[in-house]
Amino acid sequence: MAIKTLAFAGVLSLLSFESFAAMDIAEYEVRAYQDNGSSGRCARGYPITYNEFKRRIDWAYSRGLITERASYWGKAYGYYPVVDIFSDQVVAVCRGA
């Protein structure tokens, strides 16, 4: 009986743990338009090149931070994710070349 109780408690603790999910295409698109509309978040003195923002998108996708469809959308429309290196989360989606 004690083993079943411990197993049940373990399952409940795993289910209550906040799981990490990749940013999907809908959230990526909303963040792209939101973050570029505000001043300062994506303000750069110069646009980055296509190869640079493609590399950033591929890196975020390989880390599981964005979905494959979001990466395709970003490449098609020129938006790349900005990732916080400490929290390993997407903090903004900015316009590239």
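Participant: Pulling in residues and values, what's your account of the side chain of Ser-71?
Facilitator: Here Ser-71 is to be found in helix 4 (residues 68-77). Ignoring any residue separated from it by four or fewer positions in sequence, one finds Ser-71 in contact with Ile-57, Tyr-61 and Ile-66.

Participant: Would you mind going over the pattern of salt bridges in detail, with residue names and values included?
Facilitator: Going through the model one piece at a time under the given rule, you end up with 6 salt bridges. Across the salt bridge formed by Lys-75 and Asp-58, the nearest N and O atoms sit 2.6 Å from each other. You can see Lys-75 sitting in helix 4 and its partner Asp-58 sitting in helix 3 (residues 50-62), a full 17 residues away along the chain. Taking the relative accessible area as the measure of exposure, Asp-58 reaches 28% and is therefore partly exposed. Each of Glu-52, Arg-55 and Arg-56 takes part in a single network of salt bridges with overlapping partners.

Calculation notes
All residue numbers here refer to positions counted from 1 along the written sequence of the relevant chain. In view of the model being predicted, local features appear only for residues whose pLDDT reaches at least 70, and side-chain atom pairs are presented and counted only at 80 or more, with totals across whole chains, interfaces and linings using the full set of residues. The side-chain figures draw on all heavy atoms in the structure; neither hydrogens nor water molecules are used. Going along the chain from the N terminus, every DSSP run of H or I of four or more residues is numbered as a helix, and every run of E of two or more is numbered as a strand. Only heavy atoms matter for contacts: two residues are in contact if any of them lie within 4.5 Å across the pair. Salt bridges are defined as contacts in which a side-chain nitrogen from Lys or Arg sits within 4 Å of a carboxyl oxygen from Asp or Glu. Type-normalised accessible area, obtained with a 1.4 Å probe on protein chains alone, sets the label of each residue: buried when under 20%, exposed when over 50%, and partly exposed for intermediate values.

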